[in-house]
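Listed below are the residues making up each chain.
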Amino acid sequence: PGMDEQLRHRREWESKLRLAVQENQFQLYYQPLMTTASKTIHSFEALLRWQLPEGELVSPQQFIPLAEETGLIVPIGDWVLQEACLEASTWPGDVGVAVNVSAIQFRHGRLPESVAKALSLSGLDPKRLEVEITESVLINDHNDALDQLHCLKELGVRIALDDFGTGYSSLSYLRRFPFDKLKMDKSFVQNLDQADSMAIVSTIANLGKCMGITTTAEGIETEEQLSCVEGEGFSQIQGYLYGRPMPADQVVLQHFGATRVRERDCTRQ
């Protein structure tokens, strides 16, 4: 009976998710990434949200795994790329956007085509788009994934290795592909009082310096954490200390002013 209930529950949510794709029930929130030295906004990370018709927000941790299992992450991912690029095209030219992509999107084999389409539709300069991947992209059939990553680089977009420090073969991947950025997993920042975490934080910062790669420290919530990663030399910081994820309209109002709101609305119409 318990297994039957789990199956029924999964089918119910799968049906809701398919309807969400058809009716476009998704929206993007944006969280700022700051340049450490100047404390200015470098870019915004696009974060997916699903709002049910009755108003409830579904946690990404709940629906992203289901989207990947069912393959729905492919059309959802295409929408995210297009929406994020379109939104970023209304921002000042020195502000970029970062988009997370799933290993399933790589497995589908047409991610470079999807990115190229999003850039073409929005008119966004490829240099302002950053594609974030995790090591799971490279674990299975890594040669095909590397080929697609090289295609993305040829388009002019930047590639970031997300959740760095929690995978299995990070260093070998760094030798095989010229990543533009390493994003240190926030779990290390949350445990800076532990010697082993502090050692890893220092190592990742030094690795980035030696390889000429931008380094981002995620999960910065306190001045103490900021002081630590700043002292180690991280290029960028991200976390609640500088901004929580917010809808696109709030991004424009809080950071770019009312004039940009009017320009954005005209562009999107």
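Novice: Is there a simple way to explain helix H7 (residues 142–155) in this structure?
Specialist: One full turn of an α-helix is made of 3.6 residues, so residues set three or four places apart face in the same direction. Between its terminal C-alpha atoms H7 stretches 20 Å, which fits the 20 Å expected from 14 residues at 1.5 Å a residue. Among all positions in H7, only Ala145, Leu146, Gln148, Leu149 and Leu152 are buried. One side of H7 holds all its buried residues, which, seen down the axis, span an arc of 160°. Positioned one or two residues after H7, glycine 156 has a phi angle of 105°, which is positive.

Novice: Is there a simple way to think about the packing of helix H5 (residues 111–122) against H7 in this case?
Specialist: Two packed helices can be described by the angle between their axes and the distance between those axes. Look at H5 against H7: their axes get within 9 Å of each other, and the N-to-C directions meet at 20°. Of the possible angle classes, the one that applies to H5 and H7 is roughly parallel. Crossing handedness for the pair H5 and H7: right-handed. Residues Leu111, Pro112, Val115 and Ala116 of H5 form the contact with H7, whose own contacting residues are Gln148, Cys151, Leu152 and Leu155.

Novice: Looking at this model, I keep getting lost on the nonpolar core. Mind explaining?
Specialist: What tends to happen in soluble globular proteins is that the nonpolar side chains get buried as a cluster. Tyr30, Trp91 and Leu129 are the most contacted members of the largest nonpolar core, which has 76 residues in total. Of the residues forming this core, the biggest block, 8 residues, is contributed by helix H3 (residues 73–88).

Novice: Help me understand the environment of serine 122, please; the structure alone is not making it clear to me.
Specialist: Turning to its location among the elements, serine 122 is positioned in helix H5. What makes serine 122 buried here is its relative accessible area of 14%. As for serine 122 and glycine 55, which are separated by 67 residues in sequence, their C-alpha atoms are 29 Å apart. Every residue in contact with serine 122, bar those within four places of it in the chain, is listed here: Cys85, Leu86 and Ser89. Reaching out from serine 122, the side chain makes a polar contact with the backbone nitrogen of leucine 124 at a distance of 3.2 Å.

Novice: Could you clarify how one ought to interpret the pattern of salt bridges in this entry?
Specialist: Side-chain pairs of opposite charge can arise where the charged atoms are in close proximity. Within this structure, the stated rule accounts for 14 salt bridges. Salt-bridge contacts for glutamate 5 lead to arginine 8; the nearest nitrogen and oxygen are separated by 2.7 Å. Of this pair, glutamate 5 and arginine 8 both sit in helix H1 (residues 2–23), 3 residues apart, roughly one helical turn. In this structure arginine 8 comes out as partly exposed when scored by relative accessible area, which is 43%. Note that glutamate 230 and lysine 39 form a salt bridge whose closest N and O atoms lie 2.7 Å from each other.

Novice: Would you mind going over H3 with me for this structure?
Specialist: If you check H3, its first and last C-alpha atoms are 22 Å apart, about what 16 residues at 1.5 Å a residue would give, namely 22 Å. Counting buried residues along H3, 12 of its 16 residues qualify, which places the element largely inside the surrounding structure.

Novice: I keep staring at the pairing of strand E6 (residues 158–164) and nothing clicks. Help me out?
Specialist: When a strand is regular, its side chains alternate between the sheet's two faces. In terms of burial, E6 is a largely internal element, 5 of the 7 residues being buried. With 4 bridges connecting them, strand E5 (residues 129–133) and E6 associate as parallel partners. By the bridge assignment for E6, isoleucine 133 is matched with leucine 161. Examined bridge by bridge, E6 and strand E7 (residues 181–184) share 3 bridges and lie parallel to one another. Bridged to phenylalanine 164 within E7 is methionine 184.

Novice: Would you explain the packing of aromatic side chains in this entry?
Specialist: The description of two aromatic rings rests on the distance between their centres and on the angle between their planes. Applying the stated rule across the entire model yields 10 aromatic pairs. Centre to centre, the rings of phenylalanine 26 and tryptophan 50 are 6.1 Å apart; their planes meet at 45°, and the pair counts as tilted. Of the two residues, phenylalanine 26 is situated in strand E1 (residues 26–35) and tryptophan 50 in strand E2 (residues 40–51); the sequence distance between them amounts to 24 residues. Accessibility expressed as a relative area gives 9% for phenylalanine 26, which makes it buried. By relative accessible area, which is 0% here, tryptophan 50 ends up buried. Summarising the aromatic geometry, the rings of phenylalanine 177 and phenylalanine 179 are spaced 5.0 Å apart at their centres and angled 70° between planes, so their arrangement reads as edge-to-face. Judged by relative accessible area, phenylalanine 177 falls into the buried class, the value being 1%. The class of phenylalanine 179 is buried, set by a relative accessible area of 5%. Of the aromatic side chains, those joined through ring pairs into one cluster are Trp13, Phe26, Trp50, Phe63 and Trp79.

Novice: Looking at this structure, how should I read the side chain of glutamine 225?
Specialist: Within the fold, glutamine 225 resides in helix H11 (residues 223–232). Relative accessible area serves as the criterion here: at 13%, glutamine 225 is assigned to the buried category. Filtering out sequence-adjacent residues up to four positions away, glutamine 225 remains in contact with Val189, Gln190, Leu192, Gly219 and Ile220.

The rules behind these values
Residues numbered from 1 in each chain as written. Predicted model: local features only at pLDDT ≥ 70, side-chain atom pairs only at ≥ 80, totals over all residues. Heavy atoms only, no water. Helix = DSSP H or I, 4+ residues; strand = E, 2+ residues; numbered from the N terminus. Expected span 1.5 Å × (residues − 1). Buried < 20%, exposed > 50% of the residue type's maximum accessible area, 1.4 Å probe, protein only. Arc of directions from axis to C-beta. Axes fitted to C-alpha atoms, helices over the stretch in contact; angles between N-to-C directions. Parallel < 35°, antiparallel > 145°, perpendicular 65-115°, else oblique. Left-handed = near helix turned anticlockwise from the far one by under 90°. Contact = heavy atoms within 4.5 Å. Core = buried A, V, L, I, M, F, W, Y, C linked by side-chain atoms within 4.5 Å. Polar contact = N/O pair within 3.5 Å; in protein donor to acceptor, adjacent residues only side chain to side chain. Salt bridge = Lys/Arg side-chain N within 4 Å of Asp/Glu carboxyl O. Pairing = 2+ DSSP bridges. Phe/Tyr/Trp six-rings, centres within 6.5 Å; stacked < 30°, edge-to-face > 60°.

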